[in-house]
Amino acid sequence: MSSSTKPNATLSRLYVRPGFLLRRAHQISAAVFEDECRELGLTPAQFGVLTVLKSHPGLGQSSLARALGFDKVTVLRVLRGLESRGFVERAPAPDNRRNVSVALSPAGQAMLAQAQKPAERAYKRLLSPLNKDQQVQLIELLQLLNGELESDARAAFVPPGSD
């Protein structure tokens, strides 16, 4: 075996690692979503925030972060971008003025409604290389992986109403 084949074998091992493949799949997923939502200028994280806030208006920033598995810095960055576009409104929480409550503005509700079709196209496009059974299996395997290893995550995932 020549020395020129060793790096290829090393790289081959890297390229089949689940972490590498999951990270790459996430990059592709984000690119597909952003391509489909290009006219709206919406990212997957922004879409997630708008979706959670539609279901849970007035949710606190910390609960919003947990609802999406974001750390506090990430949710703050996403909220600032949405707020600067007039899509969300932040205010002191009525029950505790030290906490911040977040709600969709009318413009945010309109943006979320506009984003439904391109988001659905992105979802279908992302799964298009798989047949229907493989699509179901992929989602089930990802849910199993996430559920079993949740305690190892850097940021907690706690859907609203489950805590």
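Please read all numbers here as calculations on a predicted model, not as lab measurements. (Residues numbered from 1 in each chain as written. Predicted model: local features only at pLDDT ≥ 70, side-chain atom pairs only at ≥ 80, totals over all residues. Heavy atoms only, no water.)

Novice: What exactly am I supposed to notice about the layout of surface pockets here?
Specialist: If a probe as big as a water molecule is rolled over the atoms, it shows which places are left empty. A volume near 2,500 Å³ is recorded for the largest pocket. If you trace the largest pocket, you find 50 residues lining it, with His26, Ser29, Leu68, Leu142 and Asn146 closest to the centre. The set of elements that each furnish at least two residues to the lining of the largest pocket consists of α2 (18–36), α3 (44–55), α4 (61–68), α5 (72–84), α6 (106–127) and α7 (132–149). With 14 residues, the single largest contributor to the lining of the largest pocket is α2. Residues that form the lining of the largest pocket fall into these classes: 30 nonpolar, twelve polar and eight charged. If you add up the space inside the second largest pocket, you get close to 150 Å³. Contributions of two or more residues to the lining of the second largest pocket are made by α4 and α5. (1 Å grid on protein atoms, 1.4 Å probe; cavity = no way out; pocket = protein on both sides within 12 Å on 5 of 7 lines; lining within 4 Å. Points joined across faces, edges and corners; volume = space filled by probe spheres on them. Helix = DSSP H or I, 4+ residues; strand = E, 2+ residues; numbered from the N terminus. Nonpolar A, V, L, I, M, F, W, Y, C, P; charged D, E, K, R; others polar.)

Novice: Even after reading the chapter, I still don't get the pairing of strand β3 (residues 100–104), so can you show me in this structure?
Specialist: Consecutive side chains of a regular strand alternate in pointing toward one face of the sheet and then the other. Pairing of strand β1 (residues 59–60) with β3, which is carried by two bridges, proceeds in the antiparallel orientation. When the sheet's bridge partners are listed, glycine 60 is paired in β3 with serine 101. Across five bridges, the pairing between strand β2 (residues 88–92) and β3 is antiparallel. For valine 88, the partnering residue across the bridge sits in β3 and is leucine 104. (Pairing = 2+ DSSP bridges.)

Novice: Where do I start with the sheet that holds β2 in this structure?
Specialist: Remark on secondary structure: sheet strands pair via backbone hydrogen bonds, oriented parallel or antiparallel. Spatial strand order, β1-β3-β2: three strands in an open sheet with antiparallel pairing. Strand pairing shows two members of the sheet lacking a second neighbour, β1 and β2, which therefore form its edges. The sheet strands contacting α5 are β2 and β3, and the helix crosses β2 at an angle near 115°. (Contact = heavy atoms within 4.5 Å. Axes fitted to C-alpha atoms, helices over the stretch in contact; angles between N-to-C directions.)

Novice: Help me understand the nonpolar core in this model?
Specialist: Soluble globular proteins tend to pack their nonpolar side chains together in the buried interior. Membership of the largest hydrophobic core comes to 28 residues, with the highest contact counts inside it found for Leu42, Val49, Leu50, Leu53, Leu64 and Val88. Going through the elements one at a time, α2, α3, α4, α5, β3 and α6 are the ones with two or more residues in this core. Residues contacting leucine 42, with those up to four places away along its chain left out, are Phe33, Glu34, Cys37, Phe47, Leu50, Met111 and Ala115. (Core = buried A, V, L, I, M, F, W, Y, C linked by side-chain atoms within 4.5 Å. Buried < 20%, exposed > 50% of the residue type's maximum accessible area, 1.4 Å probe, protein only.)

Coordinates in, geometry out; function isn't part of it.
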